[in-house]
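# Structure at a glance
Listed here are the chains, written in short residue letters.
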Amino acid sequence: MKDEFLPTEGAPLVLDIQLRDPQGRLVQHIHRPSQSYLYNFMRFINISITPATQAGAGSYKATGTSGNLVYLRPGQNAVTGGAGSLACLVVGGGTNTLFGTSFRLGSFIYPGTLSNNLNFGAGAIGATTVSAGTVDIRYQRAFTNNSGSAVRVREAGWLRRQTSPAGAHLFIRDLVGGAGIRVGTLASLTVSYTLRTVR
């Protein structure tokens, strides 16, 4: 199926969010271009291409403090986002203004079953695929509401967590818009980002 938001030139990024009720029926679907690659993402690309310097000076951790952002090598692996892990794709309830220098979600929704929590499935990083001159990679994660009450999702993002030096850096952030997405009890939410490069 042709994706109108994955054009034939450039390196677009597309956000897809699907809300399904406990019976698996599609309730709400958001599919549109992502609003931003953030500063941390661009800094990571920079140090990955020119890894003479391991520390990404000026990169910002999700805590709001400046922290070293490292390229991948043994002992400095990124956490891919296992079930229950606050890494990989994340969601939140914040509505604060989106800036290219945003370093965290406005308000994280944490994994768990307490009020305003969602169960985090494992983050899935798809294989890099090549077709007709285009290259795609897709990141996806499912969330389920077992908190006993509705949870309102107003933002989504991609949080890269590294083990050494320890830290988490937000690479992508999107505001859902409007009233957000109401995730009812036992409903599920699937968030994905697709990155495409083209000839």
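About the thresholds
For every chain, the first residue of its written sequence is number 1, and the numbers climb from 1 along that sequence. Local features in this predicted model are restricted to residues whose pLDDT is 70 or higher, and side-chain atom pairs enter the listing and the counts only when it is 80 or higher, whereas totals over whole chains, interfaces and linings include all residues. The side-chain numbers reported here are obtained from all heavy atoms of the structure, hydrogens and water having been left aside. Numbered from the N terminus, helices here are DSSP runs of H or I no shorter than four residues, and strands are runs of E no shorter than two. Two residues qualify as a contact provided that any one of their heavy atoms is within 4.5 Å of a heavy atom in the partner residue. Counting of polar contacts relies on pairs of N or O atoms within 3.5 Å, with two restrictions inside protein: one atom must be capable of donating a hydrogen and the other of accepting it, and residues adjacent in sequence are counted only when both atoms are side-chain atoms. Throughout this description, the term salt bridge denotes a Lys or Arg side-chain nitrogen within 4 Å of a carboxyl oxygen of Asp or Glu. When accessible area is computed with a 1.4 Å probe and restricted to protein chains, residues below 20% of their type maximum are described as buried, those above 50% as exposed, and intermediate ones as partly exposed. Stacked, tilted and edge-to-face pairs are distinguished by plane angle, under 30 degrees for stacked and over 60 for edge-to-face with tilted covering the rest, among Phe, Tyr and Trp rings (Trp via its six-membered ring) whose centres lie within 6.5 Å. The predictor's confidence in any single residue is recorded as pLDDT, a number from 0 to 100. To qualify as a nonpolar core, a set must consist of buried Ala, Val, Leu, Ile, Met, Phe, Trp, Tyr and Cys residues joined through side-chain atoms within 4.5 Å. By the convention used here, strands pair only if DSSP detects at least 2 bridges between them.

Attention shifts here to the overall build of the protein. What the protein contains, in helices and strands, is one helix and 13 strands. Shown N-terminal to C-terminal, the secondary structure of the protein runs as helices and strands in the order β-β-α-β-β-β-β-β-β-β-β-β-β-β. Pairs at least 24 residues apart make up 66% of the contacts formed inside the protein by residues separated by at least 6 positions.

On to the side chain of Glu155. Examined against the element boundaries, Glu155 turns out to sit in strand E10 (residues 155–163). Here the side chain of Glu155 touches Gly106 through a polar contact of 2.9 Å, landing on its backbone nitrogen.

Using the criterion set out here, one finds four salt bridges in the structure. Where Arg196 meets Asp136, a salt bridge forms, and the shortest distance between an N and an O atom there is 2.6 Å. Here the residue Arg196 occupies a position in strand E13 (residues 188–198), and Asp136 occupies one in strand E8 (residues 134–144), the gap between them amounting to 60 residues. Residue classification places Arg196 among the buried positions, given a relative accessible area of 17%.

Quick look at the packing of aromatic side chains now. Applying the stated rule across the entire model yields four aromatic pairs. Aromatic side chains Phe108 and Tyr110 sit 6.0 Å apart centroid to centroid with 45° between the ring planes, which places their arrangement in the tilted category. Owing to a relative accessible area of 8%, Phe108 belongs among the buried residues under this scheme. Within the aromatic cluster, the residues linked to one another by ring pairs are Tyr139, Trp158 and Phe171.

Now for the confidence of the model for the protein. With 72% of its residues at a pLDDT of 70 or more, the protein shows a mean pLDDT of 79. Of the regions scoring below 50 in pLDDT, residues 52–57 engages in 18 contacts with residues more than four places distant in sequence or in other chains.

Considering the arrangement of structural elements, one finds Leu19 in strand E1 (residues 13–20). Using a relative accessible area of 4% as the deciding quantity, one classes Leu19 as buried. Distance from Leu19 to Val191, taken between C-alpha atoms, is 9.0 Å for residues 172 residues apart in sequence. Ignoring anything within four residues of it in the chain, the contact list for Leu19 reads Arg25, Leu26, Val27, Gln28, Ile181, Arg182, Val183, Ala187, Ser188 and Leu189.

The next thing to look at is the nonpolar core. In this structure, Ile17, Val91, Leu118, Ile181, Leu189 and Val191 are the most contacted members of the largest nonpolar core, which totals 37 residues. Every residue in contact with Val91, bar those within four places of it in the chain, is listed here: Leu105, Phe108, Ile109, Leu118, Phe143, Val153, Glu155, Ala156, Leu189 and Val191.

If you trace the backbone, Gly24 turns up in the loop between E1 and strand E2 (26–33). In sequence terms Gly24 and Ala187 are 163 residues apart; their C-alpha atoms lie 8.1 Å from each other.

Moving on, we come to the side chain of Asp174. Assignment of secondary structure puts Asp174 in strand E11 (residues 166–175). Look at Asp174 and you get buried, because its relative accessible area is 0%. Here Ser34 takes part through its side chain, which lies 2.8 Å from a polar atom of the side chain of Asp174. When sequence neighbours within four positions are dropped, the list of residues in contact with Asp174 reads Leu15, Arg32, Pro33, Ser34, Gln35, Ser36, Arg154, Glu155, Ala156 and Tyr193.

Two elements, strand E5 (residues 119–120) and E8, share two bridges in a ladder whose sense is antiparallel. Across the sheet, the residue bridging to Phe120 is Phe143, located in E8. When strand E6 (residues 124–125) meets E8, the two strands line up antiparallel, connected through two bridges. When the sheet's bridge partners are listed, Ile125 is paired in E8 with Tyr139. Across three bridges, strand E7 (residues 129–131) lies against E8 in antiparallel orientation. Paired with Ser131 across the bridge in E8 is Thr134.

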